[in-house]
Each structure stands twice: as structure tokens, then as C-alpha cells.
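# Descriptive structure summary
Here is how the chains run, residue by residue.
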Amino acid sequence: MDSRLLLELYKKQAKMIYFYLKKNGCSHEDAEDIVQESYTKYIAYSSGVPSDKVLSYIFAISMNEFKKVLRKKGREQMISIDDHRFWNNFANDQDPEASVLNIEMNHEIAITLDRIQEVYKQLLILKYEFELSYKEISLLLGMKEETIRTYLYRARKEFQKKWRNLHE
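An unreviewed UniProt entry annotates the protein as RNA polymerase sigma factor, sigma-70 family originating from Schinkia azotoformans MEV2011. The UniProt entry for the protein carries the following comment under Sequence similarities (unreviewed entry): "Belongs to the sigma-70 factor family. ECF subfamily."

On to the overall build of the protein, then. Broken down by element type, the protein carries 8 helices and 0 strands. Per-residue burial over the protein gives 33% buried out of 168 residues. Long-range contacts, defined as pairs at least 24 residues apart, comprise 64% of the intrachain contacts of the protein with a sequence gap of at least 6. Split by element, the accessible area of the protein, about 11,600 Å² in all, is 52% carbon and sulfur.

Moving on, we get to the confidence of the model for the protein. When pLDDT is averaged along the protein, the result is 80; 82% of the residues meet or exceed 70. Summarising per-element confidence for the protein, the mean pLDDT is lowest in helix H4 (residues 83-91) (51) and highest in helix H8 (residues 145-166) (94). Under a pLDDT of 50 for its full length, residues 76-81 has, in the predicted model, 7 contacts with residues more than four places off or in other chains.

Next up on the list: the packing of helix H2 (residues 28-45) against helix H3 (residues 54-72). In a pair of packed helices, the angle between the axes and the distance between the axes together describe the arrangement. For the pair H2 and H3, the least separation of the axes is 9 Å and the interaxial angle reads 130 degrees. Relative to H3, H2 is oriented oblique. In this structure, H2 meets H3 at a crossing whose hand is right-handed. Of the residues in H3, those touching H2 at Asp30, Ile34, Glu37, Ser38, Tyr39, Lys41, Tyr42 and Tyr45 are Val54, Tyr57, Ile58, Ile61, Ser62, Glu65, Phe66, Lys68 and Val69.

This next bit is on the packing of helix H6 (residues 118-129) against helix H7 (residues 134-141). Where H6 contacts H7, the two axes come as close as 10 Å, and the packing angle between them is 135 degrees. Classed by the angle they form, the pair H6 and H7 counts as oblique. When you trace H6 past H7, the crossing you get is right-handed. Here H6 contributes Leu123, Leu126 and Lys127 to the contact with H7, which in turn contributes Tyr134, Ile137, Leu140 and Leu141. Its residues assigned to classes, the contact of H6 with H7 comprises 6 nonpolar, no polar and 1 charged.

What counts, and where the lines are drawn
Residues numbered from 1 in each chain as written. Predicted model: local features only at pLDDT ≥ 70, side-chain atom pairs only at ≥ 80, totals over all residues. Heavy atoms only, no water. UniProt positions renumbered as here; feature names shortened; annotations may be inferred. Helix = DSSP H or I, 4+ residues; strand = E, 2+ residues; numbered from the N terminus. Buried < 20%, exposed > 50% of the residue type's maximum accessible area, 1.4 Å probe, protein only. Contact = heavy atoms within 4.5 Å. Areas by Shrake-Rupley, 256 points an atom, 1.4 Å probe, with all protein chains shown as cover. pLDDT = per-residue confidence, 0-100. Axes fitted to C-alpha atoms, helices over the stretch in contact; angles between N-to-C directions. Parallel < 35°, antiparallel > 145°, perpendicular 65-115°, else oblique. Left-handed = near helix turned anticlockwise from the far one by under 90°. Nonpolar A, V, L, I, M, F, W, Y, C, P; charged D, E, K, R; others polar.

This is the structure we're talking about:
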């Protein structure tokens, strides 16, 4: 593969994979290492990967590397404090009660996401957190766009069911 093309692919997709890993609880250092390792493995084995499956191949490698890191650490959940957000809470003019309610809502969403199937969780994060289109998600995961639509519909239904159970 042309090195300029690989560099362009890395610039476009590495940030997205990095932020996806961070969103799933990966530390900054581990996320950077995983992204670099994924691209290194892709370079080593790229001859057997069709050009239309490159992104999904790299994403799959990243997810497998993340699972290895979790196994190695005994599935510890990483809790990182976003310093920027932390200090902005002191500086903003938002009502403290609204800020606390927002934090609680985010916590409840995280609990609900943890209770649904992993594939549904991934799809919901890609669609609603990263605001990717169905086409972008299908390219990223190497699945048909119609399959993504169906799975996202099921993911929303399962999320709603778990959300209702949490609040009953």
C-alpha cells in the first residue's frame, strides 16, 4: 500500500478510533498504544486485506487489542477525570443543580449501556456520541448499511427497555 495513502488513512481514522476507545473506558496511554499497534499490525498483514475492508480490519484489530488490555488488567474500569470539563464546571454560569442532574443522567445512561449487548452498545455510541452516519458505521464495522439500520433499531428498543426497568 502507498505510504501517503496509509498516512492519510491514519490521520482520518486514528482519532476516531482513539476517541472511541477513550469513550469505552480506555486510558489515554493505552488508547494511543492500541491505535499505533493496530496500524502496525495492519501494515504487517495488509497484503491479505481487500481495500474496501481496510477500515473495518483496523477497527477490529483495535477492539481486540482493547479486550487484551482489559483482560491483562483484570477488567478494571478506568475512570478518568476530564480536567477541562472539571475546571469548566467551576467557571461556568450553569445552575449547580442542573449540573448535578446532568452528571446523574450521564451516569444512568452509562449504567443502561452496560446492561445491553456489546454490539448494540458500540452501535449506539458510534451513532449518537460520534454522530456517524449509517454509511460511515457500515464502513467502519464492515457490515451492510441495512444491517446497521436493523441493529440500531434493535439497540434503541433494548436501551429503552433497560431504561424503563431502571426507572421503575
